[in-house]
Amino acid sequence: MEKVKKVKEILRNIPPVHELQKQHTFYLLSKKYNLDESVLTSLVRQAIDSVRNRVMNGGHPIEKELTSFIWDETEEMVKRKSKPTLLPVINATGTILHTNLGRARLSKEAIDRVVEVAENYSNLEFNMDSGKRGSRHDIVEDLIKEVTGAEAAMVVNNNAAAVFFILNAFGKGKEVIVSRGQLVEIGGSFRISSIMEESGAKLVEVGTTNKTHLKDYKEALSDDTSMVLKVHTSNFKIVGFTQGVSTQQLVDLKQFQEDLIVYEDLGSGVLFDFMEAGIGEEPVVQKVLETGVDIVSFSGDKLLGGPQAGIIAGKKEYLNKLKKHQLARVLRVDKMSFAALEGTLQAYANKKAKDIPAVRDMLLSIEEVKERAMVFLDTVTSLNLFHWELVEVESMVGGGTMPEVKIPSIAVRVHTDTLSSQTLADELRKGTPSVVVRLQDQHVILDFRTITQGEIPKMVEAFRKIELTYRD
Ligand SMILES: *Cc1c(COP(=O)(O)O)cnc(C)c1O
């Protein structure tokens, strides 16, 4: 009974909003955070509600400081409100194209283009020669043609959209032949068979999981066949007793059916010859197109190292149809993505692919990674909470790309006597800046392949903060 009375009394003492508005703290907060009065008022209201709830739940400790308690709560809310939801993180996992962490980081050139186009009006759909309406499809088409050798090209929202678009435009109501070994699921939500169903194309599966022969395709050809689709099995590799049909062989099927379209979903689609650099076995897009394949599509933010985009390249007659299709408008790309893509593709055209972070990080030698790790170690060894150790690890490419490829790398392994590795990983992730790590054999691993020189001082800061919290 006594308690209920007390709670009621505290509740009665909560100052009303209009009174708090007159206090100097209200003025100070609005100045400090450059807040509009009405926005701050609404936050004060929310703070009062939150304090009231806490009092009613018996969670209010010091009744006499009710007002300062409300101001503290208000300031917390202001801070929470001004912190963006989409935040930069430091990727210490060593996975270069981490889909959950935004895949590729953009090159300096690409970033500069984005900023310029975002700040200004642009010729997005404006023909500079005629002064009349232009097409956004023209923006990067020449560049794509230059770096892939394609006759024509266009860009849509992402590669999943490209697959859907191509199947819908050319396969709707008709048969599309796919090898059973290529009916993949990518990233947990993109299933070739489901996309095909959505597109209205009729899936004709041929072969078995591990073996598909040319004659399987040949026997499946019918008057209703519109297309043969080859899907890059990006995120897995069947090893052992396997048999696939090459793109070239599929192209040769066209002699049996004149209007057959051969389309290859390349997934990542490489423009830099990683195979020549000793990494993986993916042919460059140009090599694939040289087989005479009609259409290929690939992602902008996988190994290409640009923004999210789906690039469609191939024969002019098909690309012209796609550009005029209703869905082209539905799947169209934003000007900032075009700006970033142009900046990225320019690096390939100028033979400066190593200016692209994803390409650069793929090619970093183990010595270069070690150099980064050493710079970090030199500074952090003064932090006594942690034990540090340099170890050899393997980086992954990620983004469902080259699953079999493991790139030798160097990492710093860290542990403490007091915190579990999971707790340390949690603290690093929740800190500012946020550091996302890999746990390996119960240890936190910082793989320096994906950490730049510029991020090292920030990483040191992250560990320093944890040391301050847990010291003593
Ligand atoms: C990644 C991938 C896709 C989807 O590409 P997004 O750009 O992520 O939409 C489609 N097909 C294959 C084979 C892929 O590897």
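Here we summarise the structure given alongside this text. Note that the structure is a prediction, hence the values are computed from the model and not measured.

### Thoughts on the environment of Y217
Within the fold, Y217 resides in helix 10 (residues 214–220). It is 9.5 Å that separates the C-alpha atoms of Y217 and V204, two residues lying 13 residues apart in sequence. Not counting the four nearest positions on each side in its chain, Y217 is found in contact with I177, S179, Q182, V206, T212, V228, V245, L250 and L253.

### What to know about the pattern of salt bridges
Enumeration over the complete set of coordinates arrives at 23 salt bridges. Put simply, E141 and K323 hold a salt bridge, and the shortest N to O gap is 2.9 Å. Separated by 182 residues along the polypeptide, E141 in helix 7 (residues 141–148) and K323 in helix 13 (residues 316–324) bring together distant segments of the chain. Relative accessible area serves as the criterion here: at 10%, E141 is assigned to the buried category.

### Brief notes about the packing of helix 6 (residues 108–119) against helix 15 (residues 335–349)
It is at 7 Å that the axes of helix 6 and helix 15 come closest, and there the two elements cross at 150°. What the angle tells us is that helix 6 and helix 15 run roughly antiparallel. As for the relative orientation of helix 6 and helix 15, their crossing is right-handed in sense. Taking contact as the criterion, the partners of E109, A110, R113, V114, V117 and A118 in helix 6 are, on helix 15, K335, M336, A339, A340, E342, G343, T344 and Q346. When the residues that make up the contact of helix 6 with helix 15 are grouped by side-chain class, the tally is seven nonpolar, three polar and four charged.

### Looking at the sheet that holds strand 7 (residues 225–231)
Sheet architecture is open: seven strands sit in the order 2-10-9-8-7-3-6, paired in mixed fashion. Strands with a single pairing partner mark the edges of an open sheet, and in this sheet they are strand 2 (152–156) and strand 6 (202–206). Averaged over all neighbouring strand pairs, the angle between strand axes comes to 25°, with direction disregarded. As defined by bridge partners, strand 2 adjoins strand 10 (residues 310–314) across five bridges and the pair is classed as antiparallel. Bridge pairing in strand 10 places V156 opposite G310.

### Topic: the sheet that holds strand 11 (residues 386–398)
One open sheet holds the four strands; their spatial order is 11-12-15-14, and the pairing between them is antiparallel. Edge positions in the sheet fall to strand 11 and strand 14 (438–440), since each has one partner strand and no second. Neighbour-to-neighbour, the strand axes of this sheet turn through a mean angle of 40°, independent of strand direction. Here three bridges tie strand 14 to strand 15 (residues 443–447), and the two strands are oriented antiparallel to one another. Considered in strand 15, the bridge of L439 is made with V444. The sheet strands contacting helix 18 (residues 421–430) are strand 11, strand 12 (401–416), strand 14 and strand 15, and the helix crosses strand 15 at an angle near 40°. In the packing of helix 19 (residues 456–470) onto the sheet, the strands contacted are strand 11, strand 12 and strand 15, and the crossing angle to strand 11 comes to about 135°.

The rules we used
- Residues numbered from 1 in each chain as written.
- Predicted model: local features only at pLDDT ≥ 70, side-chain atom pairs only at ≥ 80, totals over all residues.
- Heavy atoms only, no water.
- Helix = DSSP H or I, 4+ residues; strand = E, 2+ residues; numbered from the N terminus.
- Contact = heavy atoms within 4.5 Å.
- Salt bridge = Lys/Arg side-chain N within 4 Å of Asp/Glu carboxyl O.
- Buried < 20%, exposed > 50% of the residue type's maximum accessible area, 1.4 Å probe, protein only.
- Axes fitted to C-alpha atoms, helices over the stretch in contact; angles between N-to-C directions.
- Parallel < 35°, antiparallel > 145°, perpendicular 65-115°, else oblique.
- Left-handed = near helix turned anticlockwise from the far one by under 90°.
- Nonpolar A, V, L, I, M, F, W, Y, C, P; charged D, E, K, R; others polar.
- Pairing = 2+ DSSP bridges.

It is worth stressing that arrangement in space is one thing and function is another; only the former is reported here.
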